[in-house]
Amino acid sequence: GKQTYLCNECKKRFIADYIYNARKPEVKAQIIRMTVKSSGIRDIAYVLKVRPVTVISTIRKYAKELKEANENADSKVVNVLELDEQWSYVEKKN
């Protein structure tokens, strides 16, 4: 297996060299940046070589963190994250 490390401050475990791109913190940050720039979920997944489900879960986690930070802040700041994705279905012809 891979060598794991333990953070002395937060006690979380991590791996120095990730195999899957979605585990890299810089990829998660890039997902958020691309979302803010109005990139679609499938486009983000394709460019960053991750699954669309990973993109959605990263955005949801970030939105939850924003909400919690806003609830704990003295002054209320409204953060709105709007997602828009076109879904299509093509019926199989017999």
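Check the entry above for the structure.
Residues numbered from 1 in each chain as written. Predicted model: local features only at pLDDT ≥ 70, side-chain atom pairs only at ≥ 80, totals over all residues. Heavy atoms only, no water.

Engineer: Which residues make up the overall build of the protein, and what values do they have?
Structural biologist: Check the secondary structure of the protein and you find 3 helices and 2 strands. Tracing the protein from N to C terminus, the helices and strands come up as β-β-α-α-α. Residue burial in the protein is summarised as follows: out of 94 residues, 17% are buried. Accessible area for the protein stands at about 8500 Å²; split by element, carbon and sulfur atoms hold 51% of it. (Helix = DSSP H or I, 4+ residues; strand = E, 2+ residues; numbered from the N terminus. Buried < 20%, exposed > 50% of the residue type's maximum accessible area, 1.4 Å probe, protein only. Areas by Shrake-Rupley, 256 points an atom, 1.4 Å probe, with all protein chains shown as cover.)

Engineer: Lay out a positive patch on the surface with the relevant residues and their values.
Structural biologist: Residues Lys 12, Arg 23, Lys 28 and Lys 61 make up a contiguous surface patch of positive charge. Residue position: Lys 12 is located in the loop between strand S1 (4-6) and strand S2 (13-15). (Patch = residues over 30% accessible without salt bridge, like charges linked within 9 Å, V, L, I, M, F, W, Y side chains within 5 Å. Salt bridge = Lys/Arg side-chain N within 4 Å of Asp/Glu carboxyl O. Lys, Arg positive; Asp, Glu negative; His and termini not counted. Charge placed at Lys NZ, Arg CZ, Asp CG, Glu CD.)

Engineer: Outline the side chain of Thr 58, supporting the account with residue identities and numerical values.
Structural biologist: Along the chain, Thr 58 turns up in helix H3 (residues 52-72). Of note is the side chain of Thr 58, whose polar atom sits 2.8 Å from the backbone oxygen of Thr 54. Setting aside residues no more than four positions away along its own chain, Thr 58 makes contact with Lys 28, Ile 31 and Ile 32. (Polar contact = N/O pair within 3.5 Å; in protein donor to acceptor, adjacent residues only side chain to side chain. Contact = heavy atoms within 4.5 Å.)

Engineer: Which residues make up unusual backbone geometry, and what values go with them?
Structural biologist: With the exception of glycine, the majority of residues adopt a negative phi angle, and the majority of peptide bonds are in the trans configuration. Positive phi values are uncommon outside glycine, yet Lys 11 reaches one of about 65 degrees. Look at Lys 11 and you get exposed, because its relative accessible area is 55%. The backbone of Ser 38 sits at a positive phi, close to 70 degrees, despite the residue not being glycine. On the secondary structure map, Ser 38 appears in the loop between helix H1 (25-36) and helix H2 (41-48).

Engineer: Please set out the nonpolar core residue by residue, giving values where relevant.
Structural biologist: One finds Ala 22, Val 27, Ile 31, Met 34, Ile 41, Ile 44, Ala 45, Leu 48, Val 50, Val 55 and Ile 59 forming the largest nonpolar core, which totals 11 residues. Elements with a contribution of two residues or more to this core: H1, H2 and H3. Here this core gets 4 residues from one element, more than from any other, and that element is H2. Setting aside anything within four residues of it in sequence, one finds Val 27 in contact with Asn 21, Ala 22, Leu 48 and Val 50. (Core = buried A, V, L, I, M, F, W, Y, C linked by side-chain atoms within 4.5 Å.)

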